[in-house]
Amino acid sequence: MTGPGEGRDPRGVGRFDVPQPLAADVEPARRNGHRPAAQAAPSPTPTDEIDTAATDEPAGDLVDVPTSGGTEPAVPDRPGDHWDRRVANGLAFLRRRLSGDYEVDEFGFDAELTDAVFHPLLRLLYRDWFRTEVSGVEHVPVDGPALVVGNHSGTVALDALILSAALHDKHPAHRYLRLLGADLVFRMPVVSELARKTGGTVACNPDAERLLSGGDLVGVFPEGFKGIGKLYADRYKLQRFGRGGFVSAALRTGTPIVPVAIVGGEEIYPMLADIKPLARLLKLPYFPVTPTFPWLGPLGMVPLPSKWLIEFCPPIPTAHLTDSADDPLVVFNLADQVRETIQQTLHTLLERRPDPFGP
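Let us look at the structure shown here. Here, residues in each chain are numbered from 1, in the same order as that chain's written sequence. The predicted origin of the model limits local features to residues at a pLDDT of at least 70 and limits the giving and counting of side-chain atom pairs to 80 or more, whereas totals for whole chains, interfaces and linings rest on all residues. Here the side-chain values reflect all heavy atoms present in the structure, with hydrogen atoms and water set aside.

## With respect to the sheet that holds strand E5 (residues 217–220)
Okay, step 1: Paired strands, in this sense, are two strands between which DSSP finds at least two bridges. Counting from the N terminus, the helices are DSSP H or I runs at least four residues long and the strands are E runs at least two residues long. The seven strands lie next to each other as E1-E9-E6-E2-E5-E3-E4, forming an open sheet whose pairing is mixed. Bordering the open sheet on either side are strand E1 (133–135) and strand E4 (201–202), each of which pairs with just one other strand.
Okay, step 2: Two strands pair when backbone bridges link them, and E1 and strand E9 (residues 309–312) are joined in this way by three bridges, in the parallel orientation. Each residue of the ladder has a partner; that of Ser-135, found in E9, is Glu-311.
Okay, step 3: In the packing of helix H9 (residues 328–352) onto the sheet, the strands contacted are E1, strand E2 (146–150), strand E6 (257–263) and E9, and the crossing angle to E6 comes to about 35°. Should any heavy atoms of two residues lie within 4.5 Å, those residues are counted as being in contact. Here an axis means a line fitted to C-alpha atoms, over the contact stretch when the element is a helix, while the angle between two N-to-C directions is reported on a 0 to 180 degree scale.

Take a look at the structure:
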């Protein structure tokens, strides 16, 4: 509240729109060396002495000095905390997910969810747990379609997921690998949704050809369950590639085939035996017995920290063979060429990695 005589000019007329002069020993509050915009500095008077040298410094470099009235110096602003940004980004992500403000393609692939959730988790596995080394990424096209064909192993198909995450991170264009999975994968309630969200689809020629015709990278593991369900004694021995359906899809679209060899997956869950009666009872392709499963229960699902090596081989062109997509001899020869390339590369990588659990 103000007294009767406050806020009035000397003539007694109330004028609150005229700024009143400040006392000489009071300095307006400043923040980071700047006075507030609404608070102008008092005009110099003949009795005031101003240090003109101080005005030569930029405003942002002014140093706050305690005034005679005991005012504390202003504290400079600190850089924004990165955790604040992370929390804000996380909340924005949740808001988009809850409101449905995101996009999926015709196969159900959710790129935003893959980048924000799945790839960070897989990155911890392939980079920190498996210490994965990737080579030959320059053989994967920067754009346009390609069929990436790899060996399958490991009791649980982690190699497919690790390959997709490592390729996305190491490739200069950060391309997504659209994996082709067995029918069993898409009959399991939770696994089916996760596979679709990360870009997977059923391993059939129509879906593969649609993806390749759209310019995508498609990943396939022709060994199927025979590859991931083999015993540890048969590690790194490629199984039969089936009837070469992946080759037919590549030939019909003129897509190059990029063989890839993966070393390390055989040691994460070394399969010592397969209990076939129990597998038939549970309608599974196999029931594995490993050094840790089923003896340790859920802890037996923790993969052993083997050293991984992934190498992409030079692409095999197919554009000149598009008219031979239905020729069984051409399909068989090309599938055998891919299989032999992967097998020889596996031998080379195993020589580079003498210790399965080394650094």
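## Observations concerning the packing of helix H2 (residues 111–129) against helix H3 (residues 158–170)
Okay, step 1: It is at 9 Å that the axes of H2 and H3 come closest, and there the two elements cross at 100°. Taken together, the axes of H2 and H3 lie roughly perpendicular to each other. Along its contact with H2, which presents Asp-115, His-119, Leu-122, Arg-123, Leu-125 and Tyr-126, the element H3 presents Leu-161, Ile-162, Ser-164, Ala-165, Ala-166, His-168, Asp-169 and Lys-170.
Okay, step 2: Each residue is assigned to one class: nonpolar for Ala, Val, Leu, Ile, Met, Phe, Trp, Tyr, Cys and Pro, charged for Asp, Glu, Lys and Arg, and polar for all the others, Gly among them. Residue composition of the contact of H2 with H3, by class: seven nonpolar, three polar and four charged. Roughly parallel here means an angle under 35 degrees, roughly antiparallel means over 145, roughly perpendicular means 65 to 115, and every remaining angle is called oblique.

## Considerations on the environment of Met-301
Okay, step 1: Tracing the backbone through its elements, the reader meets Met-301 in the loop between strand E8 (288–289) and E9.
Okay, step 2: Setting aside anything within four residues of it in sequence, one finds Met-301 in contact with Val-156, Tyr-269 and Phe-293.

## Describing the environment of Asp-143
Okay, step 1: When you line up the elements, Asp-143 lands in the loop between E1 and E2.
Okay, step 2: Separated by 73 residues in the primary sequence, Asp-143 and Asp-216 have C-alpha atoms spaced 8.2 Å apart.

## Here we look at helix H1 (residues 82–99)
Okay, step 1: Expected helix span is taken as 1.5 Å per residue step, with the number of steps being one fewer than the number of residues. Taking 1.5 Å of rise per residue, 18 residues should cover 26 Å, and H1 covers 26 Å from first to last C-alpha, within 8% of that figure.
Okay, step 2: Using a 1.4 Å probe on the protein chains alone, a residue whose accessible area is under 20% of its type maximum counts as buried, one over 50% counts as exposed, and one in between counts as partly exposed. Ala-92, Phe-93 and Arg-97 are the residues of H1 that are buried. Taken end-on, H1 shows its buried residues confined to a sector of 135°, consistent with a single buried face. Facing away from the buried surface of H1 by more than 90 degrees, the exposed residues are Asp-84, Leu-91, Arg-95, Leu-98 and Ser-99. Summarising the geometry, the arc corresponds to the directions from the helix axis toward the C-beta atoms.

## With respect to the side chain of Ser-306
Okay, step 1: Here Ser-306 lies in the loop between E8 and E9.
Okay, step 2: A polar contact of 2.8 Å, which involves the side chain of Ser-306, links it to the backbone oxygen of Gly-264.
Okay, step 3: Identification of polar contacts relies on pairs of N or O atoms within 3.5 Å, with a donor-acceptor requirement for protein atoms, meaning one able to donate a hydrogen and the other able to accept it, and with residues adjacent in sequence counted only if both atoms are side-chain atoms. Among the polar contacts listed, one links the side chain of Ser-306 to the side chain of Trp-308, at a separation of 3.1 Å.
Okay, step 4: Leaving out residues up to four positions away in the same chain, Ser-306 has contacts with Trp-129, Phe-130, Arg-131, Gly-264, Glu-267, Ile-268, Pro-356 and Phe-357.

## Here we look at the nonpolar core
Okay, step 1: Counting 30 residues, the largest nonpolar core has Leu-147, Val-149, Phe-246, Ile-257 and Ile-342 as the members making the most contacts within it.
Okay, step 2: Secondary-structure elements contributing two or more residues to this core are E2, helix H5 (205–213), E5, helix H7 (245–253), E6 and H9.
Okay, step 3: For this core, the element with the most residues is H9, which contributes seven residues.
Okay, step 4: In contact with Phe-246, other than residues within four places in its own chain, are Leu-147, Val-149, Val-220, Pro-222, Phe-241 and Ala-335.
Okay, step 5: Take the buried Ala, Val, Leu, Ile, Met, Phe, Trp, Tyr and Cys residues and link them wherever side-chain atoms come within 4.5 Å; each set so joined is a nonpolar core. Membership of the second largest hydrophobic core comes to 26 residues, among which are Leu-122, Val-140, Leu-179 and Phe-312.

## Side note on a nonpolar patch on the surface
Okay, step 1: Distance thresholds for patches are 9 Å for like charges and 5 Å for nonpolar side chains (Val, Leu, Ile, Met, Phe, Trp, Tyr), applied to residues having over 30% relative accessible area and no salt bridge. Here, Shrake-Rupley sampling with a 1.4 Å probe gives the accessible areas, and only protein chains in the shown set may cover a residue. By convention in these notes, a salt bridge is any Lys or Arg side-chain nitrogen within 4 Å of a carboxyl oxygen on Asp or Glu. On the surface, a nonpolar cluster with roughly 560 Å² of combined accessible area is contributed by Trp-129, Trp-295, Leu-296, Leu-299 and Val-302.
Okay, step 2: Note that Trp-295 resides in the loop between E8 and E9.
Okay, step 3: With relative accessibility at 60%, the residue Trp-295 sits in the exposed group.

## As for the pairing of E9
Okay, step 1: Here E6 pairs with E9 via four bridges, running antiparallel. By the bridge assignment for E9, Ile-262 is matched with Ile-310.

## Focus: unusual backbone geometry
Okay, step 1: A cis amide bond links Phe-293 to the next residue, Pro-294, at an omega of 5°.
Okay, step 2: Tracing the sequence through the fold places Pro-294 in the loop between E8 and E9.
Okay, step 3: Positive phi values are uncommon outside glycine, yet His-174 reaches one of about 50°.
Okay, step 4: You can see His-174 is positioned in the loop between H3 and strand E3 (177–181).
Okay, step 5: Its relative accessible area of 43% is what places His-174 among the partly exposed residues.

## Here we look at the environment of Ala-157
Okay, step 1: Here Ala-157 is to be found in the loop between E2 and H3.
Okay, step 2: When its relative accessible area of 28% is taken as the criterion, Ala-157 is described as partly exposed.
Okay, step 3: Along the sequence, Ala-157 and Gly-181 sit 24 residues apart, while their C-alpha atoms lie 10.0 Å from each other.
Okay, step 4: Not counting residues within four places of it along the chain, the set of residues in contact with Ala-157 comprises His-152 and Ile-228.

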